[in-house]
Structure formats: C-alpha cells, structure tokens
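# Coordinate analysis (summary)
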Amino acid sequence: MDKLKYAGKRVLVVCSRQICYFSGNFFAAQMADAFERLGCEVTRLEFTLDDDLDRILVPFHYSNFDLIIDVNTQMCHLEDDDGMVLDLIGGPFYDYIVDHPLFHYNSLNSPIKDLHAITLDRGQKEYIDRYYKNVKSSLFMPLSGNEAVEQTKLTAKPERILLMSTYVPPQKSYEVVESSPELLMKLQKGIIDIRTQDPYVTNEAVLETVLKDIGFGVQSWEEIDDQQFAHLLNACYPADVYIRNYFRDKTTRALLAAGIPIVVVGEGWYEFKHSKEYLLQIQKPCDFSLSYERIAKEHIILNNAPMFPDGMHDRVIGGMANHCAVLTERTAYLEETFKEGKNIAFYDARKLSTLGDVATALLTRPSAVMDLQEEGYIAYKKHHTWDHRALQLLEEVYGHSPSDRTNL
C-alpha cells in the first residue's frame, strides 16, 4: 500500500470534548500526527463549549475539508444563525465513538448533512447502520497505542498483573439505576440481570428480550418502532455503566481470591475493599499520554471492557505496543485477529472463577509471557499502529476498492 496515496488531502482533526485522563485529546493528537505522516495537510482544532466559539469556529466556515474527525464529538450539536457549524465548514464528518456508546449515540441524531461514525465494536457498527438512518456510513476501527520512551521492566520476570482503570463501587452505579423513572428502571434491571450472566450478548439484544417480556408501560414490543427503541436503549446508559463497574470489580476480586498480586493505576481504588487487599497496590492516575510509560514497566496487563463484546479496547494494543503481555476477556474479533497463546492470553468473562488459574499459569511461566510480549509487539507493528488506522479511514472515505491494510 502506497503510504502517500492520499497525500495532500486536507484533514481537520477536532477535539471538542474532554474525557477521562485527557484520553480524547491524546487520541485526536495521534490521529493528526498519523495523517501528517501520510502526507495530508492537517489542521488541529481543540476547544470546549465554554470557549468563545464564534471566535474559534467562524474562521473555519466554508473551508471544505476532505475529512473532519472528532472524538466523542460535541461539535455536531453546534449551530449558528446560518445553520449547523459542521455543514458551514464543509466535509465528511466522522464521529469516533471511543467509550460508552449508549451515551455518545445521541450525537448521531445530529441533523448535519454528511455525518459518519467510527466504532470500536463490530456489533455497534451494525447497530448504527440499522437505527441511525441519518448516518451515511459507519466504520469499525479500533484505536491504536503508543510506544513508551523507556522500555524497561521493573522486575526481571512477571510477578503481578497491571490494571489501568478507574474504580467505582458497583453499588453506587446501581443506585443510579434505581433512581431512574420506574419504567426505565425495570428495563435497566432486566438488562443487568442478563448481561451480568453473559457479557457477550449485546445491550440491544438484551433490551429486545426484556421488551418482549415486559413491554414498556402500556406499549407492547410490537408497538415500539426503531426510533423509540434506540431512544430507550440510550436511556439505559446507567445499566451499561453498572455492567462495566460490576465486571471490573468481579475480575479484580477473582484475581485477589487466587492470591494474584495486582497493581492498579487510576481513580477510586481506595474505595475497593477485600480481605486480600494487601495484594492490591494502588498508584495514582496519570495523564493518558503518560500511561504507556507505566505499561512498559510491567510484564502483564489485564483488559476488561464488557462495553465492547465484539471489538477491542485500546488497552489491548497499548499493552502490545509496550512489550506487555495482554490478558483479556475473549471476544470474537480478538479471537479472529490474534492467536491465543502466541500473542495474546484469553479468559472467559462468563467464567471468572477460572481467571485466577489463567493468571497463575502466566505468572509461573515467564518464558511464555516473554513470548507473548514479543509476538504481541510484532502484531502491533504489522497491523495496528496509528498509521494503519489513519490509512484505513482515508481508504473508507476515498478508496474505491477494499484496501490491503496489512502491507503498510
């Protein structure tokens, strides 16, 4: 594949929303850098809704970019007296939804004329294609990761598991569910009952099951159209948050119960209580741009992301990019993309009682862990860098035949 095939394309990379640990700003910056390496003319635009938006955005009117991309966009909601701001700027606009889709799907209701979506999960792409007819196209494209400047392990062999995440006690999330209006509370509890038993089933499939069982007030399942269904699913966002926090809590407890030492980096962990919490080392959170330096110091990183049951969280690639073996819940996409025991290690999120055994096997076989580290890094370099992602998006927008994304 010719890396300069799209040289000269004018790309506007936006960051209009700050998300945890400034990860959105970081992802936008990495995509911008990658587009520049591919020869594109890149303009970077970063703002918040508290800024003087007329001063910032009016100069961009009628610029007509070849591509506009934003991470978890808020820009698509902006309008002035002459119309939607993105329509006034001009160009195909891609909303890169990088977390909690049930929250960010609402942006896809925007009336802008050339709206597209990028997801981290194949099922979420299919969902958008069905329920958001105003979205012209959608693309499944996982995030990438960066290599740390210093690649030095703290220990010669693996001794613990790294977990990079925020902790919220599940009960706090459940209280939000219980504070919802009664009809929505019943739907959310139905979703929770099913997905805590099987995190691989999608939210939309579970909501359909629940609606067929209990309906929505006086409405039966047959009376609910696609637009209302999508609206109801978005309103069940608190249930999705609970499920994430439930499995983060359960995976941590499963490791501690098996006597596995864990180091956690993130907010909220001082609220975690366990009889073996002496095995849990808590480190303060860091800006996302520094997270790879932390990952590079460890031998094994755990990934748990039930919001992407057929996709890939950036922790997977972040580990591989930094010679850190990845222990992750299996998804269909990960099974098709990587090879278990060669460049990735899986556990079954439906059988967390076996997670301790999987982790113990890794910690007691340092040579196998080092093989995972090296093979994972090779997979990252061959197929999953930011340049691969930027080229994939340009192919989506301007390619006229399926791109060979493995030869970059």
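This text goes with the structure placed above it.
Everything numeric here is computed off the predicted structure, so don't read it as measured data.

Calculation notes
Residues numbered from 1 in each chain as written. Predicted model: local features only at pLDDT ≥ 70, side-chain atom pairs only at ≥ 80, totals over all residues. Heavy atoms only, no water. 1 Å grid on protein atoms, 1.4 Å probe; cavity = no way out; pocket = protein on both sides within 12 Å on 5 of 7 lines; lining within 4 Å. Points joined across faces, edges and corners; volume = space filled by probe spheres on them. Helix = DSSP H or I, 4+ residues; strand = E, 2+ residues; numbered from the N terminus. Nonpolar A, V, L, I, M, F, W, Y, C, P; charged D, E, K, R; others polar. Pairing = 2+ DSSP bridges. Axes fitted to C-alpha atoms, helices over the stretch in contact; angles between N-to-C directions. Contact = heavy atoms within 4.5 Å. Polar contact = N/O pair within 3.5 Å; in protein donor to acceptor, adjacent residues only side chain to side chain.

A word on empty space enclosed by the protein. By the definition in use, this model includes two cavities of 30 Å³ or more. Estimates place the volume of the largest cavity at around 120 Å³. Q124, N203, E204, M307 and P309 are, among the 14 residues lining the largest cavity, the residues nearest its centre. Going through the elements one at a time, helix 4 (101–104), helix 5 (122–131) and helix 8 (203–214) are the ones with two or more residues in the lining of the largest cavity. When the residues that make up the lining of the largest cavity are grouped by side-chain class, the tally is six nonpolar, four polar and four charged. As for the second largest cavity, its lining consists of N303, A305, F308, G311, M312, H313, V316, T328, E329, T331 and L334. Partitioning the lining of the second largest cavity into residue classes produces five nonpolar, five polar and one charged.

Glancing now at the sheet that holds strand 6 (residues 93–96). Pairing in this open sheet of six strands is parallel, and the strands run 2-1-3-6-7-8 from one edge to the other. The sheet terminates laterally at strand 2 (41–46) and strand 8 (137–140), the two strands that pair on one side only. Looking at each pair of strands side by side, their axes are set apart by 20 degrees on average, direction ignored. Across six bridges, strand 1 (residues 10–15) lies against strand 2 in parallel orientation. Bridging across to strand 2, V14 finds its partner in L45. Contacting strand 7 (115–119) and strand 8, helix 5 crosses the sheet at an angle of about 175 degrees to strand 8.

A few words now on the side chain of T252. Structurally, T252 can be placed in helix 10 (residues 237–257). Within the structure, T252 has its side chain in polar contact with the backbone oxygen of R248 (distance 2.7 Å). Setting aside anything within four residues of it in sequence, one finds T252 in contact with L163, I262, W269, F272 and L280.

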